[in-house]
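Coordinates in review
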Amino acid sequence: SHIVVMNKGHRIASAAPDRFLQSARGKVWEAMVPSDQFAGVRSSFRVSRALHRADGVHLRIVNPQPPLADACPAEPDLEEAFICCVNFPGSAAAVS
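Everything in this summary refers to the structure shown in the same document. (Residues numbered from 1 in each chain as written. Predicted model: local features only at pLDDT ≥ 70, side-chain atom pairs only at ≥ 80, totals over all residues. Heavy atoms only, no water.)

Topic: the pairing of strand E4 (residues 46-53)
What counts, and what does not: Criterion used throughout: strands pair if DSSP finds at least two bridges between them. Numbering goes from the N terminus for both helices and strands, where a helix is a DSSP run of H or I of at least four residues and a strand is a run of E of at least two.
Where E4 and strand E5 (residues 56-62) come together, 7 bridges link them in antiparallel fashion. Following the sheet pairing, Leu51 is matched in E5 by His58.

Rendered as structure tokens:
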């Protein structure tokens, strides 16, 4: 199978799913922030997932560099690879 990503009518990426995921490796991060800091983080970074728990908000963030000091690298899923490709077209995620 093959994935093609379009943005504003233009093809920006085309690759097999494994290659597409590989291109997003190193650009997805997991972190936890206190609930009162979540809005600021969400407005500064591309948050792909947020789980509100008693100890704070557990996040997955798509960003070329670590977005927060305590962020840990995470394996991307296809949605995060898409986010990376569309939002960071100059990165390796823009597979052709």
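Observations concerning the sheet that holds E4
Spatially, the 4 strands line up as an open sheet ordered E4-E5-E3-E6, and their pairing is antiparallel. Edge strands, defined here as strands with exactly one partner in the open sheet, are E4 and strand E6 (72-73).

Topic: the pattern of salt bridges
The cut-off we apply is this: Whenever Lys or Arg places a side-chain nitrogen within 4 Å of a carboxyl oxygen from Asp or Glu, that contact is recorded as a salt bridge. Burial here depends on accessible area, computed with a 1.4 Å probe over protein chains only, as a share of the maximum for the residue type. Under 20% is buried, over 50% is exposed, and the range in between is partly exposed.
In total, this model carries 5 salt bridges according to the counting rule given. Glu30 is the salt-bridge partner of Arg60, the closest N and O atoms lying 2.9 Å from each other. Of the two residues, Arg60 is situated in strand E5 and Glu30 in strand E3 (residues 28-33); the sequence distance between them amounts to 30 residues. Judged by its relative accessible area of 12%, Arg60 falls in the buried class. On the basis of relative accessibility, which here comes to 38%, the residue Glu30 falls in the partly exposed class. Salt-bridge contacts for Arg60 lead to Glu80; the nearest nitrogen and oxygen are separated by 2.7 Å. You can see Arg60 sitting in strand E5 and its partner Glu80 sitting in helix H3 (residues 78-87), a full 20 residues away along the chain. Glu80 shares its class with Arg60; the two are buried. Via salt bridges that share partners, Glu30, Arg49, Arg60, Asp77 and Glu80 belong to a single interconnected network.

Here's the deal with helix H1 (residues 17-24)
Spelled out, the test is: What the arc measures is the spread of directions leading from the helix axis to the C-beta atoms. In what follows, a contact means two residues having at least one pair of non-hydrogen atoms within 4.5 Å.
Taken residue by residue, H1 has Phe20, Leu21, Ser23 and Ala24 as its buried positions. Take H1 and look down its axis: the buried residues cluster within an arc of 160 degrees, on one side only. Those residues of H1 that are buried are in contact with strand E1 (3-7), strand E2 (10-15), E3 and H3.

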